[in-house]
Amino acid sequence: MHEQNHIPVFDGHNDMLLRLYNMRKENVESLFLEGSPTMHNKLPRARQGGLAGGLFAIFPPPVEKFELDTKTAAKNFDVPVPPALDLGDAQASTIAMASILFRLERASKGAFTVCRNTGEIRAAMAQGSLAAVFHIEGAEAIDTDLAMLDVLHAAGLRSLGLVWSRSNAFGHGVPFRFPGSPDTGPGLSDAGKALVRACNALRILVDLSHLNAAGFRDVAALSDAPLIATHSNVHALCESTRNLTDWQLRAIRESRGLVGLNFATGFLRPDGRMRADTGLDLMIRHLDALLEALGEDGVGLGSDFDGALVPAAIGDASGLPRLLAAMAERGYGRALIEKIAWRNWLDVLERTIG
Ligand code: ZN
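Just so you know, these numbers come straight off a predicted model, no measurement behind them.

## So, the packing of aromatic side chains
- Taken as a whole and assessed by the stated rule, the structure comprises 9 aromatic pairs.
- Look at Phe216 and Trp247: their rings are 5.3 Å apart centre to centre, the planes differ by 85°, and that puts the pair in the edge-to-face class. Remark: Trp247 occurs in helix H10 (residues 246–254) and Phe216 occurs in helix H9 (residues 213–222); sequence separation between them is 31 residues.
- Among the aromatic side chains, those forming a connected cluster through ring pairs are Phe59, Trp164, Phe176 and Phe267.

## Observations regarding the pattern of salt bridges
- Evaluation of the coordinates by the stated rule reveals 12 salt bridges.
- The salt bridge partner of Arg45 is Asp316, with a shortest N-O separation of 2.6 Å. Placement of the pair is Arg45 in helix H3 (residues 43–49) and Asp316 in the loop between strand S9 (299–301) and helix H12 (320–329), with a sequence separation of 271 residues.
- A network of salt bridges, in which partner residues are shared, links Arg334, Glu338 and Arg343.

## Digging into the side chain of His40
- The residue His40 is located in the loop between helix H2 (28–35) and H3 in this model.
- In terms of polar contacts, His40 uses its side chain to reach the backbone amide nitrogen of Asp306, at 2.7 Å.
- Look past the residues within four positions of His40 in its chain and what remains in contact with it is Arg45, Phe305, Asp306, Ala308, Val310, Gly315, Asp316 and Ala317.

## So, the coordination of the zinc ion
- Protein coordination of the zinc ion is provided by Glu137 (OE), His210 (NE2) and His231 (NE2), with donor distances spanning 2.1 to 2.2 Å.
- On the primary sequence, the residues serving as donors to the zinc ion are separated as E-x72-H-x20-H. Placement of the pair is His210 in the loop between strand S6 (205–207) and H9 and His231 in the loop between strand S7 (228–229) and H10, with a sequence separation of 21 residues. Assigned by exposure class, His210 and His231 land together as buried.

## Looking at empty space enclosed by the protein
- Counted under the stated rule, the structure contains 2 cavities of 30 Å³ or more.
- Taken as a whole, the largest cavity encloses approximately 60 Å³ of empty space.
- Taken together, Pro182, Leu208, Ser209, His210, Leu211, Phe216, Ser232, Thr241, Arg242, Asn243, Leu244 and Gln248 make up the lining of the largest cavity.
- Roughly 50 Å³ of volume is contained in the second largest cavity.
- Asn200, Ile204, Leu205, Val206, Val219, Ser223, Ala225, Pro226, Leu227, Ile228 and Thr352 together form the lining of the second largest cavity.
- Among the residues making up the lining of the second largest cavity, the classes are represented as 8 nonpolar, 3 polar and no charged.

## Examining the packing of H12 against helix H13 (residues 334–350)
- Interhelical geometry of H12 versus H13 gives an angle of 150° and a closest axis separation of 10 Å. As summarised for this structure, H12 and H13 are arranged roughly antiparallel, according to the angle between their axes. Of the two elements, H12 crosses H13, and the hand of that crossing is right-handed. Residue-level contacts link Leu324, Met327 and Ala328 of H12 to Ile337, Ile340 and Ala341 of H13.
- Along the lines of polarity and charge, the residues of the contact of H12 with H13 split into 6 nonpolar, no polar and no charged.

Reading the values: rules and limits
- Residue numbers here run from 1 along each chain, matching the order of that chain's written sequence.
- Per-residue local features of the predicted model are confined to residues with pLDDT of at least 70, and side-chain atom pairs are confined, for both listing and counting, to 80 or more; whole-chain, interface and lining totals are unaffected and use all residues.
- Remark: hydrogens and water are excluded; side-chain values derive from all non-hydrogen atoms of the structure.
- Two rings from Phe, Tyr or Trp (for Trp, the six-membered ring) form a pair when their centres sit within 6.5 Å of each other. Planes less than 30 degrees apart are called stacked, planes more than 60 degrees apart edge-to-face, and all others tilted.
- Only DSSP runs of H or I with at least four residues qualify as helices, and only runs of E with at least two residues qualify as strands; both kinds are numbered from the N terminus onward.
- When a carboxyl oxygen of Asp or Glu lies within 4 Å of a side-chain nitrogen of Lys or Arg, that pair is called a salt bridge.
- Any pair of nitrogen or oxygen atoms within 3.5 Å is treated as a polar contact; in protein, a donor-acceptor pairing is required on top of that, and neighbouring residues in sequence qualify only through side-chain atoms on both sides.
- We call two residues in contact when some of their heavy atoms are within 4.5 Å.
- Water is not part of the atom set, so a site may look incomplete; the donors themselves are N, O and S atoms within 2.8 Å of the metal, or 3.2 Å for Na, K and Ca.
- Under the scheme applied here, a residue whose accessible area is under 20% of the maximum for its type counts as buried, over 50% as exposed, and between as partly exposed, the area being computed with a 1.4 Å probe on protein chains only.
- Cavities and pockets were defined on a 1 Å grid built from protein atoms only: a cavity is a group of points that admits a 1.4 Å probe but offers it no way out, a pocket is an open group of points flanked by protein on both sides within 12 Å along at least five of seven lines, and a lining residue is one with an atom within 4 Å of any such point.
- Grid points are joined across faces, edges and corners, and a volume is the space filled by probe spheres set on the points.
- Only Asp, Glu, Lys and Arg are considered charged, only Ala, Val, Leu, Ile, Met, Phe, Trp, Tyr, Cys and Pro nonpolar, and every remaining residue, Gly among them, polar.
- As a rule, the C-alpha atoms of each element are fitted with a line to give its axis, helices using only the stretch in contact, and angles between N-to-C directions run from 0 to 180 degrees.
- Angles below 35 degrees are treated as roughly parallel, those above 145 as roughly antiparallel, those between 65 and 115 as roughly perpendicular, and all remaining angles as oblique.
- Each crossing gets its handedness from the near helix: less than a right angle anticlockwise from the far helix is left-handed, clockwise is right-handed.

Dropping the structure here:
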C-alpha cells in the first residue's frame, strides 16, 4: 500500500483555474499556493497526493450564471445546455484565466511551472515543480480566422477542446444527458475543420471529451495526431452522453491515443447519479474496461478536480494514492500503475505537442 505513495500522477484534466476565477478575489495565487478549503486541487494537497502535473483547463463560463443544477439533473438526467457565448465575452474570461495561470507561476517561486513541451514537463517533475499544461475547454475565444489561436499558442496553449457541452462556431458539444448517446447532432463546421488542421500544424492537442459523435468522427478522419479524450469514461458501463462508445474507443486505439479516466461520479455510476458515496471499485471497473479496449498504453487519468463531484473515498488531490492502492489491490503491477498514473500521458504528449 505504501509503495504507491511514491508514484507521481499526471492528471489529464482539472478546473482549478475556473474555481479561482469564480472566487473573484484579489490574491488568488495564495488560495492555490497555500490552499483554500473549498478546492480539490491546491499545492499542499497536490504535494501530499503525489500530483506532479497535468492539463490545467481554462473554461469560458457562460455570461449569465449557469449552474449545473444537480437536483434537476438527478431527477430527469437532462441538463439544458447554456446559450452560446459571443467572442468578446469568451476572450475576456479566457484571458483572465490565462492571467491567473501565469500569475500562479510567478508567485510560486518555482513550485509551479507552465510547460510548453514534454521535455519541460519532465524537467519540472524531476525538480518537484508542479507541471502545468495550458489547456482550453471550448474554443469560444478563438475567432474563425484563427488569429487568436496564434496568440494563445505563442502564450503557451498546447491543448484545446474544440467545444464544451454547448455549440460554438467550430462544432457541437454533447448535452449532459443520462441515459444518452453522444450522437447528438451535426459534425464540425468548416471553421472547426480548419481549426483541427491548424492545431495539428502548431502541435496543439485536440481534446475529444465533450465533443459529439459526428464531430469526433470528423476529427478522427482529419487529424494526424493521436486521438485523445482527456476526461471521459466507458459508455457501456455508464450510458452518459459524455462517455465513449465502442467505436470511439476503437478509433482512439487505432490512433495510439489515450483516454483519461474521469472521476466524476455521474460519469462512473451505472445509474448516472452524482453521489459522493461512489466506491473506488467502480473506477477500477472503468479502468479494466479501458485497458481491455485500449491496451496498457492507452489509459491515463483525467480527474475533473474542481469541476465535478468526485468520490468521497478520493476527496481531493491528496486522495490520489488511494486510487493507486485500489489498482494494486486489483492486481495491477507497479509498471502498469505507473503507466496509468503518468507514463502514458507523457508518452502521448511527446507524440502530440512534442
Ligand atoms: Zn469537462
